[in-house]
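Fold and geometry: a report
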Amino acid sequence: MGFSFKRADASATTTSEINPSPVEKTTPNSSDEKLRRIDVATAIADLDKIQHNHQWDPNLPQEKLDAVKSALRHGDIKEIAEVDLLFTEDSPYEEVRAAVRNTDGGEVACTVRAWILGMIFVTLGSGLNMLLSMRSPMVNFPALVVVLLAYPVGCLWAKFMPTKVFNTFGLQWTFNPGPFTIKEHTVVTIMSNVSISYAYSTDALLALQGKPFYNINLGWGFALIFTLSSQLIGISLSGIFRRFLVYPAAMMWPTQFSYTSLFYALHDKRKSDGSTANGWTMSRYRYFFIVTAGMFCYYWIPGVLWQGLSVFAFITWIKPDNIVLNQLFGGFTGLSLIPITFDWTYVSAYLYDPLVATTEAHVNTLIGLFFFVMITTIGITYSGAIYAEYLPLVTSQTYDNTQKAYNVSKILGDNFTLDLDKYHTYSPLFLSPTLALNYGLSFAALTASLVHVGLFYGKEIWYRLKTARNQEPDIHLKLMKKYVEAPEWWYFALFLFSLALGLGTVLGYDSQLPWWGFFVSVIIAMVFVIPTCMIMAMSNIMLSLNVISPFIAGFIFPGRPIGVMIFKVFSTITLGQAQTYESTQITNMKQTSDLKLAHYMKVPPRVTFWCQVVASIWAVFVQIAVMNWTLGAIPDVCSNTQPSHFTCPNGRAFFSSSIVWGVLGPERMFGPGSMYATFNWFWLIGAGTPVLLWFLARKLKVGLARHLNAPILFGAMAWLPPATPISFSSWAFWGLVFNWGIRKRFNGWWHNYNYVTAAALDAGLILSTIVIFFAITLPGVTIPQWWGNVDVFNTADASYTAWLKTVPDGETFGPKTW
């Protein structure tokens, strides 16, 4: 039998009429019988809720909304019953139906086996990723690797481990409860997802403790409570806001679809029905491994043999010294107006796999990229604004007035303070056109998210505040009601505990952050949790505070670089972890959470709670131990000349950012009369655009306006730079190929194989990247030296010198005084 926490796996039969057996066994087989069993009054109430709560839902097909309105308008009993079945027997979203089954097999989830495997993978994954994050170039082991490894390990465990049942204090348990179940697999994945990536706070700790940086060690106690607090606040907020972000059917969290599809493919090896898959009968299990193997082999071509395929900027190869052509068509520091790449890492690096995002996200990203990045950047550069003619178009590097990288050490006095004399002698700080736009678009995206969600979903949020689990009908919420819920007071208690740890961080140590500053950082994150998570849940586009939080902190705490750094961690990761624990994504600060994955896979809520909390706490101890061991055991760690390349790139970036925003300060860059002051208009542009779109959709009844999303228009390119336009345009292209073209032409194939394809492409790429890193990159093996790996990079674009004007030796550009 299984092992459980206080009946965590048990059904709450007193709160639900659903039988624990799969839904097919409890629902009528005849459509007419289903219609007869529907209570008309209840169906009308359900449809009324659906009409009001989904009227601005961009992912719900218009024909279904029209069907709801028609049924309510005509009052025909049969029509009402038929439409009600569309929403109660399965998800109304085709994406969810393709990736998630509307059944609950009743498998056991909380077992000793699942916990042992989960903790092993948490220990190995979080420790190894922490170590590798301190190296340049960096490679990481994402949770998808755990999904692939846990399955054969779990199956071997079921085959060879003894099945003896033990009795401990009246609790019966066993190491081997039988076949490795899909829910156990999900539990192991959940534990890995919340902890396998290194904690965001370790970047700040490396900036503090690294000898080339601040070289301030506040001790193990500070590191532990700082990291625990910043990690656990996100878990608590995700649980507190479940009624808004997990329970509603409209909160799809598309990034889950590759996970759920992979679980089903691994645990169900049946062939597909050719009549519903455009003639394809291959099992998804076999298909997954074929595509994974294909991607594994293929990536060696752009990754090793011909690296020029990654950015196929052939025009720059023809004219490598033509600055304008390199600026317009280059893929490293240019705009990639002909975006060709044969490298899946460029396609999926920043917005993740395009096959799982919605068509609305693809279209809005393309529109935003064209109008707010390409057209605007061209206008800024060729008009000579903000001295853009002296800088590359696309780079996150900051420059001084001699076209060299900005050296922050030249403006520092004692104790990392700003020396004004040195600053006026040296140079102002210059941003590339796209980096300046990045700040402006970040301003716009955040104000747009607040206004957009308030206008389009304000009434829905108020409704969900009052209803909690008693929301409009959804098959997955209905099936989950048979499990005992994790009470909200658990999450509130965790929230208060994590706040106490945070206060201990800022009050017990010389953090440069006052207690009220800590609360401001958390409040800022909380304000944006619902709007940004709703946008991500419906589109798979993440909005972050990583740009805006140090900007705000620099205004509030000028001259306190360490305080700015800690403020940034608490505000950014509180929101990032809330998004993580709402859905389950696979990168550091953009891991969406586990709650929706558990919801889809029917993992009991209490099991999910303990998986998140225990795995997160344990991973913190592992990562802090690994970080401190590395800092003490590896000579010259974090220096640029470290022989094994343990240069702490993330800690170095955090250190430089804290100096720029905490010492130089946003007032000198974005304040009145400053070089980039005009970008503050984006605050207003972001707030005004949703109002315009709402007026077009609501008052003028312009159908297209319903599908335009201002936060995505502004915020999808949040990683540009360091990302380049080719990553966004190619992402949207492949997304539209699969989720619009193939979906319309070969809907059966898309329904059966699209999300398995997404998981397989990512799995093959990850495995190939890891093998290449350890086989070639780490030992320093020389790749083939030929034109495709050498000469293609001898361009102004690839060498970061594609600027219109070059500063002569001994001269400078920019303002005469600053």
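The notes below deal with the structure included here. Fair warning: this is a prediction, and the values are worked out from it, not measured in the lab. (Residues numbered from 1 in each chain as written. Predicted model: local features only at pLDDT ≥ 70, side-chain atom pairs only at ≥ 80, totals over all residues. Heavy atoms only, no water.)

**Description of the overall build of the protein chain**
For the protein chain, the helix and strand inventory stands at 34 helices and 2 strands. Over its C-alpha atoms the protein chain spans a radius of gyration of 27 Å, differing by no more than 12% from the 28 Å that the globule rule assigns to 818 residues. By principal-axis analysis of the C-alpha atoms, the protein chain measures approximately 85 × 65 × 55 Å. Within the span of the protein chain, comprising 818 residues, buried residues form 60% of the whole. One finds the centroid of the 54 positive side-chain charges in the protein chain at a distance of 4 Å from the centroid of its 49 negative side-chain charges. (Helix = DSSP H or I, 4+ residues; strand = E, 2+ residues; numbered from the N terminus. Rg over C-alpha atoms; globule rule 2.2 N^0.38 Å. Buried < 20%, exposed > 50% of the residue type's maximum accessible area, 1.4 Å probe, protein only. Lys, Arg positive; Asp, Glu negative; His and termini not counted. Charge placed at Lys NZ, Arg CZ, Asp CG, Glu CD.)

**A few points about the environment of D474**
Position of D474 relative to the elements: it lies in the loop between α21 (433-467) and α22 (475-480). Spatially, the C-alpha atoms of D474 and N102 are 9.8 Å apart, while their sequence positions differ by 372 residues. Sequence-distant contacts of D474, that is, excluding residues within four places in its chain, are made with F87, Y247, A249 and H599. Within the structure, D474 has its side chain in polar contact with the backbone nitrogen of L477 (distance 3.1 Å). (Contact = heavy atoms within 4.5 Å. Polar contact = N/O pair within 3.5 Å; in protein donor to acceptor, adjacent residues only side chain to side chain.)

**Some points on the nonpolar core**
Counting 244 residues, the largest nonpolar core has L431, M534, F670 and F679 as its most contacted members. At 16 residues, helix α34 (residues 747-777) tops the list of elements feeding residues into this core. One finds A313, F332, I726 and A798 within the second-largest nonpolar core, a separate group that totals 5 residues. (Core = buried A, V, L, I, M, F, W, Y, C linked by side-chain atoms within 4.5 Å.)

**Quick notes on the pairing of strand β1 (residues 165-168)**
With 4 bridges connecting them, β1 and strand β2 (residues 171-174) associate as antiparallel partners. Paired with V165 across the two strands is T174, which belongs to β2. (Pairing = 2+ DSSP bridges.)

**Some words on the pattern of salt bridges**
Two side chains with opposite charge may pair up if their charged atoms get near one another. Scanning all chains against the criterion turns up 10 salt bridges. A salt bridge links E460 to R464; its shortest N-O distance comes to 2.9 Å. Here the residue E460 and the residue R464 both occupy positions in helix α21, the gap between them amounting to 4 residues, near one helical turn. Here E460 and R464 have matching classes, each one buried. Linked through salt bridges whose partners overlap, the residues forming this network are E94, E95 and R743. (Salt bridge = Lys/Arg side-chain N within 4 Å of Asp/Glu carboxyl O.)

**Topic: the packing of aromatic side chains**
The geometry of an aromatic ring pair is captured by the separation of the ring centres together with the interplanar angle, meaning the angle of the planes. For the structure shown, the criterion picks out 70 aromatic pairs. Measuring from ring centre to ring centre gives 5.5 Å for W56 and F456, while their planes differ by 85°; the resulting arrangement is edge-to-face. Here W56 is found in the loop between α3 (40-53) and α4 (62-74), whereas its partner F456 is found in helix α21, with 400 residues between them in sequence. Grouping residues by exposure puts W56 and F456 together as buried. Between F312 and F314, the aromatic rings sit 6.2 Å apart at their centres with planes inclined by 50°, giving tilted as the arrangement. (Phe/Tyr/Trp six-rings, centres within 6.5 Å; stacked < 30°, edge-to-face > 60°.)

**Observations concerning a positive patch on the surface**
A grouping of K69, R73, K699 and K701 is seen on the molecular surface, where their side chains present a positively charged patch. Looking at the element boundaries, R73 is found in helix α4. (Patch = residues over 30% accessible without salt bridge, like charges linked within 9 Å, V, L, I, M, F, W, Y side chains within 5 Å. Areas by Shrake-Rupley, 256 points an atom, 1.4 Å probe, with all protein chains shown as cover.)

**Quick word on the state of the cysteines**
Taken as a whole, this structure holds 1 disulfide when the rule is applied. Covalently, C638 is tied to C648 through a disulfide, its sulfur atoms 2.0 Å apart. Measuring handedness by torsion sign, the sulfur bridge of C638 and C648 sits at about -70° and is left-handed. Here C638, found in the loop between α28 (605-633) and α29 (649-664), pairs with C648, found in the loop between α28 and α29; they are 10 residues apart in sequence, far enough to count as distant. Neither C638 nor C648 differs from the other in exposure class; each is buried. (Disulfide = S-S within 2.5 Å.)

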